[in-house]
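Fold and geometry: a report
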Amino acid sequence: MADNMVEQIKKLKEEKDVVILAHYYVDGQVQELADYVGDSYYLAKVATKVQEKNILFCGVSFMGESAKLLNPGKKVVMADENADCPMAHMVTVERIAEVRKEYNGDVAVVCYVNSTAEIKAVSDVCVTSSNALRVVKKIPQKNIFFVPDNNLGRYVAQQLPDKHFIFNDGFCHVHKSISKEAVEEAKKARPDALVLTHPECTMDVLEISDFIGSTSEIIDYATASDAKEFIICTEMGVFFELMQKNPDKKFYSVGHRQFCPNMKLVTLDKVLHSLEVMEPEVILPDDIMEKAKLPLEKMLELAE
Ligand code: 13P
Ligand code: SF4
């Protein structure tokens, strides 16, 4: 059944001139058939380079929106329109206006890509987990309002003591559920394992980690490492690529909650259905399109 679906997807993709982009958190079967799989930064960059007329995005809404903002001329279709990142909604346009007023405009609003297009439209620059430090370092302003993720913001701030950060309360429930105690338990059970952690985790978990990086960076680190065992502190979807690339190494989770229900809405049958009907399409209002692409383009420029 799955084989049949994969064949149909491949055929339709060719016929309709579609490229499939997938994030490392979606199901392994979907990652396997995608043309490009990566972290948020890689996918945003790839989206600007693909030749196909249409993009089918296997991920959550903000990722499809970013692909559309960077490619206004292409049709971007989601595999599931309900796949949305709760963190993307954890800051408001009003709160950003309030902080700008409070600082008399002398503040840069740095917006993690895990945010809605409306939030990007009122931000100065976007960042992803893999380029946040690089990008914020290049921003001339001393005052940085980092939205929406509190944890990534604090991680970046810790490494840039000369800047003044204003934080927001947003968080990722998946990464927040990974507790320091659970990581310590896992370390006790696997004393030789290295702890590889996503910066969306809380500071107490980052502090006991051997490596901190985006999903791609975690995969690259484990692949290049001489170590044989790893405790992985991010969403379970990365295990697919980790195991594909490292069949001789062992990867352990910290518990059963490292699971993003939104990313897991993306299934093979939905990919096939979206290809058949070429819907749901990402459509954004013209004014948002115009304003929200600027901080994304700025990110691409500064992250180089
Ligand atoms: P990266 O893709 O930057 O590793 O971010 C992970 C994430 O939570 C995406 O939703
Ligand atoms: Fe959002 Fe967290 Fe899911 Fe990523 S893992 S899409 S940040 S809820």
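Look up: the structure comes first, before these words.
A quick note: this is a predicted structure, and the numbers were derived from the prediction, not measured.

So, about the pattern of salt bridges. Evaluation of the coordinates by the stated rule reveals 10 salt bridges. Two residues, K11 and E15, come together in a salt bridge whose shortest N-O distance is 3.4 Å. Of the two residues, K11 and E15 both sit in helix α1 (residues 2–15), 4 residues apart, roughly one turn of that helix. K11 gets classed as exposed once you look at its relative accessible area, which sits at 55%.

Inspection of the region around ligand 1 gives 14 residues, with H23, S40, S129, H198 and T215 positioned closest. One of the backbone N or O atoms of T215 is found 2.9 Å from an oxygen atom in ligand 1. Surface burial for ligand 1 is 96%, taken as the share of its 300 Å² of free accessible area covered by protein chains.

This part takes up the environment of V109. Along the chain, V109 falls in strand β5 (residues 108–112). Look at V109 and you get buried, because its relative accessible area is 0%. It is 7.4 Å that separates the C-alpha atoms of V109 and V147, two residues lying 38 residues apart in sequence. For V109, the contacting residues outside a window of four places in its chain are I96, R100, V122, S123, D124, V125, F145 and V147.

Spatial ordering of the open sheet is given by β10-β9-β11-β12, a layout of 4 strands whose pairing is parallel. Each edge of the sheet is formed by a strand with only one pairing partner; in this case those strands are β10 (211–212) and β12 (250–252). Sheet topology note: the strand β11 (residues 229–233)/β12 ladder contains 3 bridges and is parallel. When the sheet's bridge partners are listed, F230 is paired in β12 with F251. Together, β9 (194–197), β10, β11 and β12 form the strand contacts of helix α12 (residues 215–224), whose direction differs from that of β9 by roughly 160 degrees.

Bringing the state of the cysteines into the picture now. Should the sulfur atoms of two cysteines be covalently bonded, the bond is a disulfide. Following the criterion strictly, the structure yields 0 disulfides and no others. Unpaired in this structure, C126 has its nearest cysteine sulfur neighbour in C111, at a distance of 4.3 Å. Look at C126 and you get buried, because its relative accessible area is 0%.

Our next topic: the site of ligand 2. Close contacts around ligand 2 come from Y25, V60, C85, P86, N114, C172, H173, E200, C260 and M263, and that covers them all. Counted by class, the shell around ligand 2 contains 7 nonpolar, 2 polar and 1 charged residues.

About the cut-offs
Residues numbered from 1 in each chain as written. Chains lettered and ligands numbered in written order. Predicted model: local features only at pLDDT ≥ 70, side-chain atom pairs only at ≥ 80, totals over all residues. Heavy atoms only, no water. Salt bridge = Lys/Arg side-chain N within 4 Å of Asp/Glu carboxyl O. Helix = DSSP H or I, 4+ residues; strand = E, 2+ residues; numbered from the N terminus. Buried < 20%, exposed > 50% of the residue type's maximum accessible area, 1.4 Å probe, protein only. Near = heavy atom within 4 Å. Polar contact = N/O pair within 3.5 Å; in protein donor to acceptor, adjacent residues only side chain to side chain. Areas by Shrake-Rupley, 256 points an atom, 1.4 Å probe, with all protein chains shown as cover. Contact = heavy atoms within 4.5 Å. Pairing = 2+ DSSP bridges. Axes fitted to C-alpha atoms, helices over the stretch in contact; angles between N-to-C directions. Disulfide = S-S within 2.5 Å. Nonpolar A, V, L, I, M, F, W, Y, C, P; charged D, E, K, R; others polar.

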